[in-house]
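Commentary on secondary and tertiary structure
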Amino acid sequence: FSVLVPRSTRYSGVVEKLTAFEHPLLQRLRFVTAYEGESTGADRRSLTFRAVIGDAARTLVDADTNAFRAAFEKHLADCGFEIKR
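Please read all numbers here as calculations on a predicted model, not as lab measurements.

Taken in spatial order, the four strands of this open sheet run 2-3-1-4, and their pairing is antiparallel. At either margin of the open sheet sits one strand with a lone partner, and together these are strand 2 (26-35) and strand 4 (82-83). As defined by bridge partners, strand 1 (residues 2-6) adjoins strand 4 across two bridges and the pair is classed as antiparallel. What sits directly across from Val3, in strand 4, is Ile83. On the sheet, helix 1 (residues 11-19) packs against strand 1, strand 2 and strand 3 (44-53) and is oriented at approximately 35° with respect to strand 3. Contacts between helix 2 (residues 62-78) and the sheet are confined to strand 1, strand 2, strand 3 and strand 4, with strand 3 contributing the most and set at about 145° to the helix.

Structural data, given as structure tokens:
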């Protein structure tokens, strides 16, 4: 997941908001990379995170991953982050 944030936004503030997200399938959320350039705009940067999901009791199906994605994207939007597509 990549989110666009104002350049003035501190990384620790972003992480604090992301780690507040709880979901039964979420096992780990890790920072991948940051990017600033023409495609993000002059006053924004893109932060990319990788979510690892799973369930020890069963194999996930498409509905599981789709439900996780929808819930996480809603959380990102509720935090005021724009999702980079």
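It is worth spelling out the environment of Val32 at this point. Mapped onto the elements, Val32 comes out in strand 2. For Val32, a relative accessible area of 39% corresponds to the partly exposed category. Placed 33 residues apart in sequence, Val32 and Thr65 show a C-alpha to C-alpha distance of 20 Å. Excluding its chain neighbours within four sequence positions, the residues that come into contact with Val32 are Thr48, Phe49 and Arg50.

With that settled, the discussion passes to the nonpolar core. Core analysis: the biggest nonpolar cluster contains 13 residues, and Val3, Val14, Leu18, Leu76 and Phe81 have the highest contact counts within it. Only strand 1, helix 1, strand 3 and helix 2 provide two or more residues apiece to this core. It is helix 2 that provides the largest number of residues to this core, a total of three residues. Sequence-distant contacts of Val3, defined by excluding residues within four places in its chain, comprise Arg45, Ser46, Leu47, Phe49, Leu76, Phe81, Glu82, Ile83 and Lys84.

Looking now at the pairing of strand 3. For strand 1 and strand 3, the ladder comprises five bridges, and the chain directions are antiparallel. Bridging from a neighbouring strand, Val3 pairs with Leu47 of strand 3. Direction of pairing for strand 2 relative to strand 3: antiparallel, over a ladder of eight bridges. Its bridge partner being in strand 3, Arg28 is matched across the sheet by Val52.

Basis of the calculations
Residues numbered from 1 in each chain as written. Predicted model: local features only at pLDDT ≥ 70, side-chain atom pairs only at ≥ 80, totals over all residues. Heavy atoms only, no water. Pairing = 2+ DSSP bridges. Helix = DSSP H or I, 4+ residues; strand = E, 2+ residues; numbered from the N terminus. Contact = heavy atoms within 4.5 Å. Axes fitted to C-alpha atoms, helices over the stretch in contact; angles between N-to-C directions. Buried < 20%, exposed > 50% of the residue type's maximum accessible area, 1.4 Å probe, protein only. Core = buried A, V, L, I, M, F, W, Y, C linked by side-chain atoms within 4.5 Å.

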